[in-house]
Amino acid sequence: MNDKRLLIVALTLYLLELSKIMNDLNQHHLKLKNYLNSKEIKDEATKELLEEVIIFIKTETDSLEKTYKASKTIYKGLIRNINSKKQNLSKNSH
Amino acid sequence: MFSIDIFNRKKLVFKDNKIYLICYNPPSIYIDIADNLLNKFLLTGFGFYRFIDEWTIEDNDQEYKVKAILLYYGLPLIKHKIPGTKIPNLEDLKNSSNKYIYYIAGMYWLLMNLSNVDLPKIKKLLNLTKKVNDKPIKVKELEGKDLIIYPNISDLLDFYNLIQRARTANIQNYYNEVIRQL
């Protein structure tokens, strides 16, 4: 297997991992947001703690999303590159 | 000077110059020494010095004032609120509209602030929530406050794990792994 193909396999696994982390962090984010928005929470101390953690998770997921998008662009580029090489080889063989 | 041994109840233990650890996991309440081999990571690894406060404990029908880190199901609490900070404290816990959610918010906040610490140490901290003692002590400041909750520790560990995975995931590792498996 050449380097590009190895990189495609590695990128596939990496993208899956990033996607899984983002999804799971979103579950925590959602749970804490539900607590924050529930009418049950009336005290400022709990609200302030929840808000800080919610911002923290959002910052983490935003950063992961940027990395995910950049890696996906590289992945697509590599796939395009391999496909065009295949097409060129096929044209030349005819 | 105090003269009770928390381990064999004979030797001198509750000393003014010692820092103790109170694992307040009601209905179980356990006291230990904070800077012994098992618990030292709380001070050196986590910097829990800022959570040391004076607590009144009752042991064998006797009251003692001890300098201690009080962990409420793993969440360190100081007695009073420090204005302008979010440091978890007993005052806010008592005044919270839902003690369970205050605890959860506090634990997430704590784990977020400890996100550079090794996972095994976090596991050790969360394991302290399961610590039980057959001869419980009482903490006077927390008496009769109805503080029993049933925290989901695996959920907290999952959150911490995710933060670690987010920080360490990198393409080079996956590339090396693919090569290794060829």
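Just so you know, these numbers come straight off a predicted model, no measurement behind them.

Looking now at the overall build of chain B. The secondary structure content of chain B amounts to 6 helices and 6 strands. If you list the helices and strands of chain B from N to C, you get β-β-α-β-β-β-α-α-α-β-α-α. With the C-alpha coordinates aligned to their principal axes, the bounding extent of chain B is approximately 65 × 40 × 30 Å. Looking at the 182 residues of chain B, the share that counts as buried comes to 30%.

Here we take up the packing of helix 1 (residues 3-37) of chain A against helix 2 (residues 44-93) of chain A. Residues and elements named next belong to chain A. Where helix 1 contacts helix 2, the two axes come as close as 8 Å, and the packing angle between them is 160 degrees. The pairing of helix 1 with helix 2 is recorded here as roughly antiparallel in orientation. In this structure, the crossing between helix 1 and helix 2 has a hand that is left-handed.

The next point concerns the interface of chain B and chain A. Every contact between the two is made by 25 residues of chain B and, on the other side, 31 residues of chain A. Listing elements by their share of the side of chain B that touches chain A, those giving two or more residues are helix 2 (90-95), helix 3 (99-113), helix 5 (153-168) and helix 6 (171-181) of chain B.

The next subject is the packing of helix 4 (residues 119-127) of chain B against helix 5 of chain B. Residue and element names in this part refer to chain B. Two numbers describe how helix 4 lies on helix 5: the axes approach to 11 Å, and their chain directions differ by 165 degrees. Considered as vectors, helix 4 and helix 5 are oriented roughly antiparallel to each other. The handedness of the crossing between helix 4 and helix 5 comes out as right-handed. Residues Leu 119, Ile 122, Lys 123 and Leu 126 of helix 4 touch helix 5, and the partners they reach there are Ile 153, Leu 156, Leu 157, Tyr 160, Asn 161 and Gln 164. In terms of residue class, the contact of helix 4 with helix 5 is made up of 7 nonpolar, 2 polar and 1 charged.

Here the focus is unusual backbone geometry. Residue and element names in this part refer to chain B. Note that the residue after Pro 26, namely Pro 27, is joined by a cis bond; omega there is 15 degrees. Looking at the element boundaries, Pro 27 is found in the loop between strand 1 (19-25) and strand 2 (28-33). With phi around 55 degrees, Asn 60 is a residue other than glycine that occupies positive phi space. For Asn 60, the location among the structural elements is in the loop between strand 3 (53-59) and strand 4 (62-72).

Turning next to the environment of Leu49(A). With respect to the helices and strands, Leu49(A) occurs in helix 2. Residue Leu49(A) is classed as buried on the basis of its 28 C-beta neighbours within 10 Å. The sequence separation of Leu49(A) and Leu25(A) amounts to 24 residues, and the corresponding C-alpha distance is 17 Å. Excluding anything up to four places from it in sequence, Leu49(A) contacts Lys86(B), Ala105(B), Gly106(B) and Trp109(B).

What follows concerns the confidence of the model for chain B. Put simply, chain B has an average pLDDT of 88, and 90% of its residues get 70 or more. Taken as a whole, residues 1-5 of chain B scores under 50 in pLDDT and shows 16 contacts with residues more than four places along the chain or in a different chain.

A few words now on the pairing of strand 1 of chain B. All names here are of chain B. Across the 7 residues that make up strand 1, a large majority, 6, are buried. Summarising the sheet, strand 1 and strand 4 pair through 6 bridges and their orientation is parallel. Following the sheet pairing, Tyr 20 is matched in strand 4 by Ala 68. Two strands pair when backbone bridges link them, and strand 1 and strand 2 are joined in this way by 6 bridges, in the antiparallel orientation. Residue Leu 21 lies in a different strand from strand 2, and its bridge partner there is Asp 32. Between the end of strand 1 and the start of strand 2, which pair antiparallel, lie 2 residues.

Residue and element names in this part refer to chain B. In this model helix 3 runs 21 Å from its N-terminal to its C-terminal C-alpha over 15 residues, within 8% of the 21 Å that 1.5 Å per residue would give. Across the 15 residues that make up helix 3, a large majority, 11, are buried. For helix 3, the set of buried residues is Ile 101, Tyr 102, Tyr 103, Ile 104, Ala 105, Gly 106, Met 107, Tyr 108, Trp 109, Leu 110 and Leu 111.

Cut-offs and rules
- Residues numbered from 1 in each chain as written.
- Chains lettered and ligands numbered in written order.
- Predicted model: local features only at pLDDT ≥ 70, side-chain atom pairs only at ≥ 80, totals over all residues.
- Helix = DSSP H or I, 4+ residues; strand = E, 2+ residues; numbered from the N terminus.
- Buried ≥ 20, exposed ≤ 12 C-beta atoms within 10 Å, placed from the backbone.
- Axes fitted to C-alpha atoms, helices over the stretch in contact; angles between N-to-C directions.
- Parallel < 35°, antiparallel > 145°, perpendicular 65-115°, else oblique.
- Left-handed = near helix turned anticlockwise from the far one by under 90°.
- Contact = placed C-beta atoms within 7 Å.
- Nonpolar A, V, L, I, M, F, W, Y, C, P; charged D, E, K, R; others polar.
- pLDDT = per-residue confidence, 0-100.
- Pairing = 2+ DSSP bridges.
- Expected span 1.5 Å × (residues − 1).

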